[in-house]
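For reference, the chains in residue letters:
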There are 2 protein chains.
Amino acid sequence: MSTPARRGRPGYDLESLLQVAVKLFNERGYDGTSMEDLSRKLGITKSAIYHHVPSKEELLRLAVDRALNGLFAVALETESFEGRAIEKLEHLVRGSVLVLIEQLPFVTLLLRVRGNTKIERAALARRREFDRLVTDLVKQAETEGDVRPDIDPAVTARLLYGMVNSLIEWYRPRRGSAGTELADAVCKIAFDGLRA
Amino acid sequence: MSTPARRGRPGYDLESLLQVAVKLFNERGYDGTSMEDLSRKLGITKSAIYHHVPSKEELLRLAVDRALNGLFAVALETESFEGRAIEKLEHLVRGSVLVLIEQLPFVTLLLRVRGNTKIERAALARRREFDRLVTDLVKQAETEGDVRPDIDPAVTARLLYGMVNSLIEWYRPRRGSAGTELADAVCKIAFDGLRA
(Lines give C-alpha, C1' and ligand atoms only; values in the text may rest on other atoms or scores of the structure.)
Protein backbone atom coordinates (compact mmCIF):
# COMPACT_ATOMS: atom_id res chain seq x y z
CA MET A 1 0.00 0.00 0.00
CA SER A 2 1.25 3.45 -0.81
CA THR A 3 0.93 6.21 1.77
CA PRO A 4 -2.43 8.01 1.82
CA ALA A 5 -0.80 11.21 0.55
CA ARG A 6 0.11 9.49 -2.72
CA ARG A 7 -3.29 7.97 -3.28
CA GLY A 8 -5.25 9.56 -6.10
CA ARG A 9 -4.07 12.37 -8.30
CA PRO A 10 -4.17 15.92 -7.14
CA GLY A 11 -7.33 17.26 -8.76
CA TYR A 12 -9.50 14.19 -8.18
CA ASP A 13 -11.76 14.51 -5.22
CA LEU A 14 -14.94 12.46 -4.89
CA GLU A 15 -16.92 15.08 -6.82
CA SER A 16 -14.71 15.18 -9.91
CA LEU A 17 -14.36 11.40 -9.83
CA LEU A 18 -18.15 11.09 -9.74
CA GLN A 19 -18.52 13.45 -12.71
CA VAL A 20 -16.17 11.33 -14.83
CA ALA A 21 -17.84 8.09 -13.71
CA VAL A 22 -21.32 9.35 -14.59
CA LYS A 23 -20.13 10.52 -18.02
CA LEU A 24 -18.65 7.07 -18.65
CA PHE A 25 -21.77 5.26 -17.38
CA ASN A 26 -23.89 7.35 -19.75
CA GLU A 27 -21.61 6.62 -22.72
CA ARG A 28 -21.14 2.88 -22.21
CA GLY A 29 -23.99 1.94 -19.93
CA TYR A 30 -23.58 1.25 -16.21
CA ASP A 31 -23.36 -2.52 -16.71
CA GLY A 32 -20.86 -2.09 -19.53
CA THR A 33 -18.45 0.04 -17.46
CA SER A 34 -15.95 -1.63 -15.14
CA MET A 35 -13.85 -0.03 -12.39
CA GLU A 36 -10.94 -0.95 -14.68
CA ASP A 37 -12.43 1.25 -17.45
CA LEU A 38 -12.94 4.05 -14.95
CA SER A 39 -9.38 3.83 -13.64
CA ARG A 40 -8.06 3.95 -17.23
CA LYS A 41 -10.22 6.98 -18.01
CA LEU A 42 -9.11 8.79 -14.84
CA GLY A 43 -5.48 7.77 -15.24
CA ILE A 44 -5.31 6.59 -11.63
CA THR A 45 -5.18 3.12 -10.09
CA LYS A 46 -8.24 1.23 -8.97
CA SER A 47 -7.06 1.41 -5.37
CA ALA A 48 -6.89 5.19 -5.72
CA ILE A 49 -10.56 5.09 -6.71
CA TYR A 50 -11.40 2.82 -3.77
CA HIS A 51 -9.80 5.42 -1.54
CA HIS A 52 -12.74 7.69 -2.41
CA VAL A 53 -15.58 5.24 -2.85
CA PRO A 54 -16.06 1.57 -1.87
CA SER A 55 -17.67 0.32 -5.09
CA LYS A 56 -19.08 1.04 -8.53
CA GLU A 57 -22.56 0.66 -7.03
CA GLU A 58 -21.80 3.43 -4.54
CA LEU A 59 -20.93 5.75 -7.45
CA LEU A 60 -24.28 4.88 -9.01
CA ARG A 61 -26.06 5.52 -5.72
CA LEU A 62 -24.44 8.93 -5.30
CA ALA A 63 -25.32 9.85 -8.88
CA VAL A 64 -28.97 8.79 -8.94
CA ASP A 65 -29.53 10.20 -5.44
CA ARG A 66 -28.37 13.59 -6.62
CA ALA A 67 -30.91 13.53 -9.43
CA LEU A 68 -33.70 12.19 -7.20
CA ASN A 69 -32.96 14.62 -4.37
CA GLY A 70 -33.16 17.51 -6.84
CA LEU A 71 -36.56 16.35 -8.09
CA PHE A 72 -37.93 15.64 -4.61
CA ALA A 73 -36.71 19.03 -3.35
CA VAL A 74 -38.93 20.66 -5.99
CA ALA A 75 -41.80 18.35 -5.01
CA LEU A 76 -41.42 19.38 -1.36
CA GLU A 77 -41.44 23.07 -2.30
CA THR A 78 -44.60 22.39 -4.31
CA GLU A 79 -46.35 20.75 -1.36
CA SER A 80 -45.79 23.75 0.90
CA PHE A 81 -47.41 25.95 -1.74
CA GLU A 82 -50.79 27.54 -1.16
CA GLY A 83 -53.07 27.45 -4.14
CA ARG A 84 -54.72 25.24 -6.69
CA ALA A 85 -53.35 21.87 -7.74
CA ILE A 86 -52.77 23.04 -11.31
CA GLU A 87 -50.48 25.81 -10.05
CA LYS A 88 -48.57 23.27 -7.98
CA LEU A 89 -48.31 21.03 -11.02
CA GLU A 90 -46.96 23.87 -13.12
CA HIS A 91 -44.43 24.72 -10.42
CA LEU A 92 -43.36 21.07 -10.28
CA VAL A 93 -42.93 20.81 -14.05
CA ARG A 94 -41.01 24.07 -14.26
CA GLY A 95 -38.74 23.05 -11.37
CA SER A 96 -38.23 19.56 -12.84
CA VAL A 97 -37.04 21.04 -16.14
CA LEU A 98 -34.52 23.19 -14.26
CA VAL A 99 -33.25 20.17 -12.28
CA LEU A 100 -32.89 18.19 -15.54
CA ILE A 101 -30.88 21.01 -17.09
CA GLU A 102 -28.69 21.63 -14.05
CA GLN A 103 -28.06 17.95 -13.31
CA LEU A 104 -28.28 16.65 -16.88
CA PRO A 105 -25.75 13.76 -16.68
CA PHE A 106 -27.13 12.63 -13.31
CA VAL A 107 -30.77 12.67 -14.45
CA THR A 108 -29.78 10.97 -17.72
CA LEU A 109 -28.25 8.13 -15.71
CA LEU A 110 -31.31 7.95 -13.45
CA LEU A 111 -33.71 7.70 -16.39
CA ARG A 112 -31.72 4.84 -17.93
CA VAL A 113 -31.59 2.72 -14.81
CA ARG A 114 -33.15 -0.69 -15.40
CA GLY A 115 -33.26 -2.31 -11.99
CA ASN A 116 -30.65 -5.08 -12.09
CA THR A 117 -29.18 -4.27 -8.67
CA LYS A 118 -30.49 -3.19 -5.25
CA ILE A 119 -29.41 0.43 -5.82
CA GLU A 120 -31.17 0.47 -9.19
CA ARG A 121 -34.35 -1.04 -7.77
CA ALA A 122 -34.33 1.55 -4.99
CA ALA A 123 -33.94 4.32 -7.59
CA LEU A 124 -36.83 2.91 -9.62
CA ALA A 125 -38.97 2.80 -6.46
CA ARG A 126 -38.27 6.49 -5.80
CA ARG A 127 -39.04 7.31 -9.45
CA ARG A 128 -42.40 5.55 -9.09
CA GLU A 129 -43.05 7.55 -5.90
CA PHE A 130 -42.37 10.76 -7.85
CA ASP A 131 -44.66 9.61 -10.68
CA ARG A 132 -47.46 8.92 -8.18
CA LEU A 133 -47.02 12.40 -6.81
CA VAL A 134 -47.42 13.86 -10.31
CA THR A 135 -50.46 11.67 -11.00
CA ASP A 136 -52.05 12.72 -7.68
CA LEU A 137 -51.60 16.39 -8.57
CA VAL A 138 -53.16 15.83 -12.01
CA LYS A 139 -56.12 14.04 -10.36
CA GLN A 140 -56.59 16.80 -7.81
CA ALA A 141 -56.40 19.47 -10.53
CA GLU A 142 -59.00 17.53 -12.51
CA THR A 143 -61.29 17.42 -9.44
CA GLU A 144 -60.85 21.18 -9.12
CA GLY A 145 -61.95 21.52 -12.75
CA ASP A 146 -58.60 22.82 -14.01
CA VAL A 147 -57.38 19.78 -15.98
CA ARG A 148 -59.29 18.30 -18.90
CA PRO A 149 -61.39 15.37 -17.68
CA ASP A 150 -61.39 13.44 -20.97
CA ILE A 151 -57.99 11.75 -20.44
CA ASP A 152 -57.00 9.28 -17.72
CA PRO A 153 -54.93 11.32 -15.19
CA ALA A 154 -52.22 8.62 -15.15
CA VAL A 155 -51.86 8.96 -18.94
CA THR A 156 -51.78 12.76 -18.70
CA ALA A 157 -49.06 12.54 -16.03
CA ARG A 158 -46.98 10.14 -18.12
CA LEU A 159 -47.27 12.22 -21.29
CA LEU A 160 -46.41 15.35 -19.34
CA TYR A 161 -43.24 13.83 -17.89
CA GLY A 162 -42.53 12.08 -21.18
CA MET A 163 -42.17 15.55 -22.62
CA VAL A 164 -40.07 16.80 -19.68
CA ASN A 165 -37.79 13.76 -19.61
CA SER A 166 -37.23 13.84 -23.37
CA LEU A 167 -34.86 16.74 -22.67
CA ILE A 168 -32.10 14.28 -21.81
CA GLU A 169 -32.21 13.04 -25.41
CA TRP A 170 -31.77 16.37 -27.16
CA TYR A 171 -31.00 19.25 -24.81
CA ARG A 172 -27.40 20.44 -24.98
CA PRO A 173 -26.34 23.37 -22.77
CA ARG A 174 -25.44 26.46 -24.80
CA ARG A 175 -23.84 29.62 -23.61
CA GLY A 176 -26.44 32.32 -23.12
CA SER A 177 -29.47 30.03 -23.35
CA ALA A 178 -31.43 30.27 -20.14
CA GLY A 179 -32.99 27.16 -18.70
CA THR A 180 -36.00 29.22 -17.62
CA GLU A 181 -36.84 29.85 -21.28
CA LEU A 182 -37.00 26.10 -21.96
CA ALA A 183 -39.00 25.55 -18.76
CA ASP A 184 -41.48 28.18 -20.02
CA ALA A 185 -41.71 26.46 -23.41
CA VAL A 186 -42.46 23.09 -21.78
CA CYS A 187 -45.17 24.63 -19.56
CA LYS A 188 -46.78 26.53 -22.43
CA ILE A 189 -47.04 23.46 -24.66
CA ALA A 190 -48.01 21.03 -21.90
CA PHE A 191 -50.65 23.24 -20.27
CA ASP A 192 -52.01 25.24 -23.20
CA GLY A 193 -50.93 23.26 -26.26
CA LEU A 194 -48.93 24.18 -29.34
CA ARG A 195 -51.98 25.51 -31.18
CA ALA A 196 -52.06 29.32 -31.54
CA MET B 1 -22.37 -28.70 -43.77
CA SER B 2 -25.70 -30.31 -43.02
CA THR B 3 -28.36 -30.43 -45.69
CA PRO B 4 -30.50 -27.33 -46.01
CA ALA B 5 -33.57 -29.22 -44.81
CA ARG B 6 -31.98 -29.74 -41.38
CA ARG B 7 -30.88 -26.15 -40.90
CA GLY B 8 -32.89 -24.23 -38.34
CA ARG B 9 -35.74 -25.53 -36.26
CA PRO B 10 -39.17 -25.90 -37.64
CA GLY B 11 -40.96 -22.80 -36.39
CA TYR B 12 -38.13 -20.34 -36.87
CA ASP B 13 -38.38 -18.35 -40.02
CA LEU B 14 -36.63 -15.01 -40.46
CA GLU B 15 -39.61 -13.17 -38.96
CA SER B 16 -39.80 -15.11 -35.71
CA LEU B 17 -36.00 -15.05 -35.42
CA LEU B 18 -36.06 -11.28 -35.81
CA GLN B 19 -38.73 -10.90 -33.11
CA VAL B 20 -36.61 -12.84 -30.62
CA ALA B 21 -33.45 -10.94 -31.59
CA VAL B 22 -35.13 -7.54 -31.14
CA LYS B 23 -36.50 -8.55 -27.73
CA LEU B 24 -33.01 -9.61 -26.67
CA PHE B 25 -31.39 -6.44 -28.05
CA ASN B 26 -33.89 -4.36 -26.08
CA GLU B 27 -33.23 -6.29 -22.87
CA ARG B 28 -29.43 -6.42 -23.00
CA GLY B 29 -28.54 -3.68 -25.45
CA TYR B 30 -27.47 -4.32 -29.04
CA ASP B 31 -23.75 -4.12 -28.20
CA GLY B 32 -24.21 -6.40 -25.22
CA THR B 33 -25.90 -9.18 -27.22
CA SER B 34 -23.79 -11.69 -29.15
CA MET B 35 -24.90 -14.15 -31.82
CA GLU B 36 -23.92 -16.75 -29.20
CA ASP B 37 -26.52 -15.26 -26.79
CA LEU B 38 -29.09 -15.28 -29.55
CA SER B 39 -28.39 -18.89 -30.51
CA ARG B 40 -28.74 -19.90 -26.83
CA LYS B 41 -32.04 -18.00 -26.53
CA LEU B 42 -33.41 -19.59 -29.72
CA GLY B 43 -32.10 -23.04 -28.91
CA ILE B 44 -30.55 -23.39 -32.36
CA THR B 45 -26.95 -23.30 -33.58
CA LYS B 46 -25.27 -20.14 -34.79
CA SER B 47 -24.98 -21.65 -38.28
CA ALA B 48 -28.74 -22.17 -38.24
CA ILE B 49 -29.10 -18.44 -37.59
CA TYR B 50 -26.63 -17.64 -40.38
CA HIS B 51 -28.84 -19.66 -42.69
CA HIS B 52 -31.46 -16.90 -42.29
CA VAL B 53 -29.33 -13.81 -41.90
CA PRO B 54 -25.65 -13.03 -42.60
CA SER B 55 -24.87 -11.03 -39.45
CA LYS B 56 -26.06 -9.42 -36.22
CA GLU B 57 -25.88 -6.06 -38.00
CA GLU B 58 -28.31 -7.30 -40.63
CA LEU B 59 -30.80 -8.17 -37.88
CA LEU B 60 -30.42 -4.63 -36.56
CA ARG B 61 -30.90 -3.20 -40.04
CA LEU B 62 -34.09 -5.19 -40.62
CA ALA B 63 -35.44 -4.11 -37.23
CA VAL B 64 -34.74 -0.38 -37.42
CA ASP B 65 -35.85 -0.27 -41.06
CA ARG B 66 -39.21 -1.68 -40.08
CA ALA B 67 -39.65 1.11 -37.52
CA LEU B 68 -38.39 3.80 -39.88
CA ASN B 69 -40.44 2.56 -42.83
CA GLY B 70 -43.56 2.69 -40.66
CA LEU B 71 -42.86 6.29 -39.64
CA PHE B 72 -41.96 7.41 -43.17
CA ALA B 73 -45.06 5.74 -44.60
CA VAL B 74 -47.15 8.00 -42.33
CA ALA B 75 -45.04 11.00 -43.37
CA LEU B 76 -45.65 10.19 -47.04
CA GLU B 77 -49.41 9.92 -46.44
CA THR B 78 -49.23 13.29 -44.71
CA GLU B 79 -47.49 14.94 -47.64
CA SER B 80 -50.17 13.87 -50.10
CA PHE B 81 -52.77 15.50 -47.83
CA GLU B 82 -54.63 18.61 -48.91
CA GLY B 83 -55.02 21.12 -46.14
CA ARG B 84 -53.27 23.22 -43.57
CA ALA B 85 -49.90 22.28 -42.10
CA ILE B 86 -51.35 21.91 -38.60
CA GLU B 87 -53.76 19.26 -39.88
CA LYS B 88 -50.86 17.44 -41.52
CA LEU B 89 -48.91 17.68 -38.28
CA GLU B 90 -51.80 16.22 -36.32
CA HIS B 91 -52.14 13.40 -38.84
CA LEU B 92 -48.41 12.70 -38.53
CA VAL B 93 -48.49 12.64 -34.73
CA ARG B 94 -51.55 10.40 -34.63
CA GLY B 95 -50.02 8.03 -37.18
CA SER B 96 -46.67 8.00 -35.37
CA VAL B 97 -48.35 6.96 -32.11
CA LEU B 98 -50.06 4.09 -33.93
CA VAL B 99 -46.75 2.98 -35.49
CA LEU B 100 -45.08 3.09 -32.07
CA ILE B 101 -47.81 0.95 -30.58
CA GLU B 102 -47.93 -1.54 -33.46
CA GLN B 103 -44.16 -1.86 -33.82
CA LEU B 104 -43.25 -1.21 -30.17
CA PRO B 105 -40.11 -3.42 -29.87
CA PHE B 106 -38.80 -2.22 -33.24
CA VAL B 107 -39.29 1.47 -32.47
CA THR B 108 -37.83 0.95 -28.97
CA LEU B 109 -34.68 -0.45 -30.56
CA LEU B 110 -34.57 2.41 -33.09
CA LEU B 111 -34.85 5.06 -30.38
CA ARG B 112 -31.97 3.53 -28.41
CA VAL B 113 -29.55 3.34 -31.33
CA ARG B 114 -26.37 5.30 -30.60
CA GLY B 115 -24.44 5.29 -33.85
CA ASN B 116 -21.46 3.00 -33.26
CA THR B 117 -21.79 1.17 -36.58
CA LYS B 118 -22.64 2.04 -40.17
CA ILE B 119 -26.17 0.65 -39.82
CA GLU B 120 -26.73 2.68 -36.65
CA ARG B 121 -25.39 5.87 -38.23
CA ALA B 122 -27.69 5.33 -41.22
CA ALA B 123 -30.64 4.87 -38.84
CA LEU B 124 -29.72 8.08 -36.98
CA ALA B 125 -29.51 9.95 -40.30
CA ARG B 126 -33.04 8.80 -41.21
CA ARG B 127 -34.27 9.80 -37.73
CA ARG B 128 -32.82 13.28 -38.26
CA GLU B 129 -34.55 13.44 -41.65
CA PHE B 130 -37.84 12.60 -39.94
CA ASP B 131 -37.20 15.24 -37.25
CA ARG B 132 -36.54 17.86 -39.94
CA LEU B 133 -39.83 16.95 -41.57
CA VAL B 134 -41.65 17.49 -38.28
CA THR B 135 -39.85 20.80 -37.67
CA ASP B 136 -40.71 21.97 -41.21
CA LEU B 137 -44.39 21.21 -40.62
CA VAL B 138 -44.32 23.13 -37.32
CA LYS B 139 -42.66 26.10 -39.07
CA GLN B 140 -45.19 26.04 -41.89
CA ALA B 141 -48.08 25.84 -39.43
CA GLU B 142 -46.61 28.77 -37.54
CA THR B 143 -46.40 30.78 -40.79
CA GLU B 144 -50.05 29.92 -41.41
CA GLY B 145 -50.85 31.29 -37.95
CA ASP B 146 -51.96 27.97 -36.48
CA VAL B 147 -49.03 27.24 -34.14
CA ARG B 148 -48.01 29.54 -31.29
CA PRO B 149 -45.20 31.82 -32.47
CA ASP B 150 -43.60 32.30 -29.02
CA ILE B 151 -41.56 29.06 -29.07
CA ASP B 152 -38.74 28.09 -31.45
CA PRO B 153 -40.33 25.60 -33.92
CA ALA B 154 -37.39 23.21 -33.47
CA VAL B 155 -38.07 23.16 -29.71
CA THR B 156 -41.80 22.65 -30.27
CA ALA B 157 -41.05 19.76 -32.64
CA ARG B 158 -38.69 18.13 -30.15
CA LEU B 159 -41.10 18.47 -27.22
CA LEU B 160 -43.92 17.11 -29.35
CA TYR B 161 -41.98 14.01 -30.34
CA GLY B 162 -40.48 13.79 -26.86
CA MET B 163 -44.04 13.18 -25.70
CA VAL B 164 -44.78 10.73 -28.53
CA ASN B 165 -41.56 8.76 -28.11
CA SER B 166 -41.93 8.53 -24.33
CA LEU B 167 -44.51 5.83 -25.05
CA ILE B 168 -41.74 3.26 -25.44
CA GLU B 169 -40.87 3.82 -21.76
CA TRP B 170 -44.29 3.19 -20.28
CA TYR B 171 -46.84 1.92 -22.80
CA ARG B 172 -47.68 -1.75 -22.39
CA PRO B 173 -50.25 -3.30 -24.72
CA ARG B 174 -53.43 -4.35 -22.93
CA ARG B 175 -56.29 -6.37 -24.22
CA GLY B 176 -59.16 -4.11 -25.20
CA SER B 177 -57.21 -0.86 -25.06
CA ALA B 178 -57.33 0.80 -28.44
CA GLY B 179 -54.24 2.56 -29.73
CA THR B 180 -56.48 5.22 -31.27
CA GLU B 181 -57.54 6.30 -27.78
CA LEU B 182 -53.93 6.92 -26.78
CA ALA B 183 -53.26 8.68 -30.10
CA ASP B 184 -56.22 10.97 -29.33
CA ALA B 185 -54.87 11.68 -25.84
CA VAL B 186 -51.45 12.63 -27.23
CA CYS B 187 -53.01 14.95 -29.82
CA LYS B 188 -55.34 16.60 -27.30
CA ILE B 189 -52.53 17.37 -24.85
CA ALA B 190 -49.94 18.33 -27.47
CA PHE B 191 -52.23 20.57 -29.54
CA ASP B 192 -54.63 21.96 -26.93
CA GLY B 193 -52.86 21.38 -23.63
CA LEU B 194 -53.88 19.58 -20.47
CA ARG B 195 -55.68 22.62 -19.06
CA ALA B 196 -59.47 22.34 -19.04
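In this text, all values refer to a predicted model and were calculated from it rather than measured experimentally.

**Quick notes on the overall build of chain A**
Reasoning step 1: Secondary structure summary: chain A contains ten helices and zero strands in total.
Reasoning step 2: Across its three principal directions, the C-alpha atoms of chain A cover 65 × 40 × 30 Å.
Reasoning step 3: Counting only residues that meet the buried cut, chain A has 35% of its 196 residues in that class.

**Here we look at helix 7 (residues 118–143) of chain B**
Reasoning step 1: Compared with an ideal rise of 1.5 Å per residue, which puts 26 residues at 38 Å, helix 7 of chain B spans 37 Å between its outermost C-alpha atoms and is within 8% of the ideal.
Reasoning step 2: Buried within helix 7 of chain B we find I119(B), E120(B), A123(B), V134(B), L137(B), V138(B), A141(B) and E142(B).

**Description of the nonpolar core**
Reasoning step 1: If you look at the biggest cluster of nonpolar residues, it comprises 104 residues, and the most contacted ones within it are L160(A), V186(A), L160(B) and V186(B).
Reasoning step 2: Residue contacts for V186(A): discarding those within four places in its chain leaves V93(A), V97(A), M163(A), V164(A) and L159(B).

**Quick look at the domain arrangement of chain A**
Residue and element names in this part refer to chain A.
Reasoning step 1: The domain boundaries assigned to chain A delineate domain 1 (4–54) and domain 2 (60–192).
Reasoning step 2: Taken over C-alpha atoms, the centre of domain 1 sits 29 Å from the centre of domain 2.
Reasoning step 3: Residue-level contacts link seven residues of domain 1 with eight residues of domain 2.
Reasoning step 4: Looking at the side of domain 1 that touches domain 2 residue by residue, the classes come out as four nonpolar, one polar and two charged.

**Quick look at the packing of helix 1 (residues 14–28) of chain A against helix 2 (residues 35–42) of chain A**
Residue and element names in this part refer to chain A.
Reasoning step 1: Axis separation between helix 1 and helix 2 bottoms out at 10 Å; the angle between their running directions is 120°. Taken as axis vectors, helix 1 and helix 2 run oblique relative to one another. The chirality of how helix 1 crosses helix 2 is right-handed. Between helix 1 and helix 2, the contacting residues are L17, V20, A21 and L24 on the first element and D37, L38, K41 and L42 on the second.
Reasoning step 2: Here the residues of the contact of helix 1 with helix 2 are counted per class, giving six nonpolar, no polar and two charged.

**Some details on the relation of the copies chain A and chain B**
Reasoning step 1: The two copies are related by a screw motion: chain A maps onto chain B through a turn of 180° and a shift of 0.0 Å along the axis, at an RMSD of 0.0 Å. Viewed as a symmetry operation, the transformation between the two copies matches a two-fold axis.
Reasoning step 2: By residue overlap, the copies meet face to face through one surface: 100% of the interface positions of chain A are interface positions in chain B.

**So, the interface of chain A and chain B**
Reasoning step 1: Contacts between the two partners involve 29 residues from chain A and, on the opposite side, 29 residues from chain B.
Reasoning step 2: When residues of the side of chain A that touches chain B are traced back to their parent elements, those giving at least two are helix 8 (153–165) and helix 10 (179–192) of chain A.
Reasoning step 3: Of the residues forming the side of chain A that touches chain B, the biggest block, eight residues, is contributed by helix 8 of chain A.
Reasoning step 4: Taken together, the residues that form the side of chain A that touches chain B break down as 15 nonpolar, eight polar and six charged.

**Description of the packing of helix 8 of chain A against helix 8 (residues 153–165) of chain B**
The geometry of a pair of packed helices is captured by two quantities: the angle between their axes and the separation between those axes.
Reasoning step 1: Interaxial distance between helix 8 of chain A and helix 8 of chain B falls to 7 Å at its minimum, and their mutual angle equals 130°. Relative to helix 8 of chain B, the element helix 8 of chain A lies oblique. Handedness of the helix 8 of chain A/helix 8 of chain B crossing: right-handed. Packed against helix 8 of chain A, whose contacting residues are L159(A), G162(A) and M163(A), the element helix 8 of chain B presents L159(B), G162(B) and M163(B) at the interface.
Reasoning step 2: Residue classes in the contact of helix 8 of chain A with helix 8 of chain B are distributed as four nonpolar, two polar and no charged.

**Some points on the UniProt feature "DNA-binding region" (unreviewed entry) in chain A**
Reasoning step 1: As recorded in UniProt, the feature "DNA-binding region" (unreviewed entry) lies at residues 34–53 of chain A.
Reasoning step 2: Across residues 34–53 of chain A, helical content stands at 75% and strand content at 0%; the span's end C-alpha atoms are separated by 14 Å.

**What to know about helix 8 of chain B**
Residues and elements named next belong to chain B.
Reasoning step 1: Taking 1.5 Å per residue as the helical rise, helix 8 with its 13 residues ought to reach 18 Å, and the 18 Å between its terminal C-alpha atoms agrees with that figure.
Reasoning step 2: Along helix 8, eleven of the 13 residues are buried, which leaves the element largely enclosed by surrounding structure.
Reasoning step 3: P153, T156, A157, R158, L159, L160, Y161, G162, M163, V164 and N165 are the residues of helix 8 that are buried.

Rules used in this analysis
- Residues numbered from 1 in each chain as written.
- Chains lettered and ligands numbered in written order.
- Predicted model: local features only at pLDDT ≥ 70, side-chain atom pairs only at ≥ 80, totals over all residues.
- Helix = DSSP H or I, 4+ residues; strand = E, 2+ residues; numbered from the N terminus.
- Buried ≥ 20, exposed ≤ 12 C-beta atoms within 10 Å, placed from the backbone.
- Expected span 1.5 Å × (residues − 1).
- Core = buried A, V, L, I, M, F, W, Y, C linked by C-beta atoms within 7 Å.
- Contact = placed C-beta atoms within 7 Å.
- Domains from an automatic or database assignment.
- Nonpolar A, V, L, I, M, F, W, Y, C, P; charged D, E, K, R; others polar.
- Axes fitted to C-alpha atoms, helices over the stretch in contact; angles between N-to-C directions.
- Parallel < 35°, antiparallel > 145°, perpendicular 65-115°, else oblique.
- Left-handed = near helix turned anticlockwise from the far one by under 90°.
- Least-squares fit on C-alpha atoms with pLDDT ≥ 70 in both.
- UniProt positions renumbered as here; feature names shortened; annotations may be inferred.

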